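# Observations on the model geometry
Spelled out from the first residue to the last, the chains are:
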Amino acid sequence: MSEEEIINAVLSFDAEKVTETTKKALNQGQDPVKVVDELTKALRIVGKKFEDGEFFLMHLVAAAEPVQRVIKDVLEPEMVKKKAERKSLGKVVLGTVAGDIHDIGKNIVGAMLFAAGFEVYDIGKDIPAEQFVTKAKEVNARIVGASALLSTSLPVQREIVEGIVAAGLRDRVKLMFGGAPVTEEWVKEIGGDGYAENAMEAVNVAKRLLGIQA
Ligand code: HCB
């Protein structure tokens, strides 16, 4: 199963084809993480076409739904299976910030962190900064991860940093941010600890922040 076939399945907006090509790729021994990467590439192409005015909102929805479903139903269980031996590396509170309902990337990051051995508390999407802070306090989290896909929702990441500082948790809690408009520079500017461009990197960053050997 080639990367092109998976991308074409997403671009054809055919949910059955997306599931079928994904399952075929797994049956051929492809790593589920690589398949997630290919599906992500396809969504980026859809986003670019949306930006260029070639696709409309209905296309975003029609492309995202099958991808989200196949990740949840087919790929996440595979990723978890691959890491059968559980070890708790630390607690992570994860969510998509207020004003933003994009949760595909956040869900993938959560699944990969879980598969790597972290205890993940997914607090959902469209979540105000205070809730990240409250949950981090409640579960005694070591990491808070926040996803933002809209430039308009980026300032909520800054509010999370401020909230963690105000709650007196800054010494204990590491802050990791991601999402399409997020950059290393932005994370530095708001006083965060780590930026991850994708879910694989999120696992590496989380480990690095807690001083865990990769
Ligand atoms: Co949406 N949308 N969308 N959208 N959407 C984007 C994000 C645009 C960039 C498209 C574009 O214009 N090129 C754009 C944002 C522009 C901007 O602000 N800069 C946009 C827009 C404008 C909108 C609406 C406003 C459209 C409208 O209504 N007119 C609207 C917003 C609604 C709202 O949130 N209030 C909207 C709606 C939608 C949906 C609902 C149709 C759908 C989301 C479905 C869902 O998530 N359940 C959607 C989608 C699918 C996209 C694109 C096409 C793909 C996003 C995605 O899932 N990517 C996206 C285009 C793009 O991103 N270039 C487009 C795949 C995942 C795997 O990647 O980047 O999310 P990811 O996550 C990565 C990575 O960032 C990192 O790891 C993840 C896994 O590898 N990561 C973290 C993410 N979070 C992390 C947290 C950490 O701590 C660490 C790492």
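A few words on helix H7 (residues 155-166). The end-to-end C-alpha distance of H7, which contains twelve residues, comes to 17 Å, matching closely the 16 Å that a straight helix rising 1.5 Å per residue would cover. Among all positions of H7, only Val-156, Gln-157, Ile-160, Val-161, Gly-163 and Ile-164 are buried. Down the axis of H7, the smallest arc covering the buried residues is 165°, so these residues share one side. Where the residues of H7 are buried, they touch helix H6 (129-139), strand S3 (143-147), strand S4 (174-178) and helix H8 (184-190). Backbone geometry just downstream of H7 places Gly-168 in the positive-phi region, at approximately 75°.

Between side chains of opposite charge, a pair can form as their charged atoms come close. In this structure the tally under the stated criterion is nine salt bridges. Note that Lys-106 and Asp-122 form a salt bridge whose closest N and O atoms lie 3.0 Å from each other. In this pair, Lys-106 sits in helix H5 (residues 104-116) while Asp-122 sits in strand S2 (residues 119-122), placing the two residues 16 residues apart along the sequence. Among the residues examined, Lys-106 registers a relative accessible area of 4% and is labelled buried. Residue classification places Asp-122 among the partly exposed residues on the basis of a relative accessible area of 40%.

On inspection of all chains with the given rule, the structure shows one aromatic pair. Against the face of Phe-55 rests Lys-49, its NZ or CZ located 5.7 Å from the ring centre.

For the rest of this paragraph, the subject is the site of the ligand. Close to the ligand lie 34 residues; Ile-101, His-102, Asp-103, Ser-147 and Ser-151 are nearest. A distance of 3.3 Å is found between a nitrogen atom of the ligand and a side-chain nitrogen or oxygen belonging to Glu-51. Here a nitrogen atom of the ligand and a side-chain polar atom of Ser-147 are 2.8 Å apart. With respect to the detected pockets, the ligand is housed in the largest pocket. Only helix H3 (32-51), helix H4 (57-82), H5, S3 and S4 provide two or more residues apiece to the shell around the ligand. Of the residues contributing to the shell around the ligand, the split by class is 18 nonpolar, twelve polar and four charged.

Looking now at the coordination of the cobalt atom of the ligand. Ideal donor angles around a metal are set by the shape: a four-donor tetrahedron calls for 109.5 degrees, a six-donor octahedron for 90 or 180 degrees. The protein supplies the cobalt atom of the ligand with one donor atom, His-102 (NE2), which lies at 2.2 Å. Inspection of the secondary structure puts His-102 in the loop between strand S1 (91-96) and H5.

Attention now moves to the nonpolar core. For soluble globular proteins, nonpolar side chains are generally found buried alongside one another. Counting residues in each nonpolar core, the largest one holds 43 residues, and the members touching the most others are Leu-39, Ile-71, Leu-75, Leu-113, Phe-118 and Met-176. Secondary-structure elements contributing two or more residues to this core are helix H1 (3-11), helix H2 (15-27), H3, H4, S1, H5 and helix H9 (199-209). If you tally residues by element for this core, the top one is H4, at eight residues. Not counting the four nearest positions on each side in its chain, Leu-39 is found in contact with Ile-6, Val-10, Val-18, Thr-22, Val-67, Val-70, Ile-71 and Leu-75.

Thresholds applied
- Residues numbered from 1 in each chain as written.
- Predicted model: local features only at pLDDT ≥ 70, side-chain atom pairs only at ≥ 80, totals over all residues.
- Heavy atoms only, no water.
- Helix = DSSP H or I, 4+ residues; strand = E, 2+ residues; numbered from the N terminus.
- Expected span 1.5 Å × (residues − 1).
- Buried < 20%, exposed > 50% of the residue type's maximum accessible area, 1.4 Å probe, protein only.
- Arc of directions from axis to C-beta.
- Contact = heavy atoms within 4.5 Å.
- Salt bridge = Lys/Arg side-chain N within 4 Å of Asp/Glu carboxyl O.
- Phe/Tyr/Trp six-rings, centres within 6.5 Å; stacked < 30°, edge-to-face > 60°.
- Lys NZ or Arg CZ within 6 Å of the ring centre and 35° of its normal.
- Near = heavy atom within 4 Å.
- Polar contact = N/O pair within 3.5 Å; in protein donor to acceptor, adjacent residues only side chain to side chain.
- 1 Å grid on protein atoms, 1.4 Å probe; cavity = no way out; pocket = protein on both sides within 12 Å on 5 of 7 lines; lining within 4 Å.
- Sits in = over half its atoms within 2 Å of the grid points.
- Nonpolar A, V, L, I, M, F, W, Y, C, P; charged D, E, K, R; others polar.
- Donors = N, O, S within 2.8 Å, 3.2 Å for Na, K, Ca; no water.
- Core = buried A, V, L, I, M, F, W, Y, C linked by side-chain atoms within 4.5 Å.

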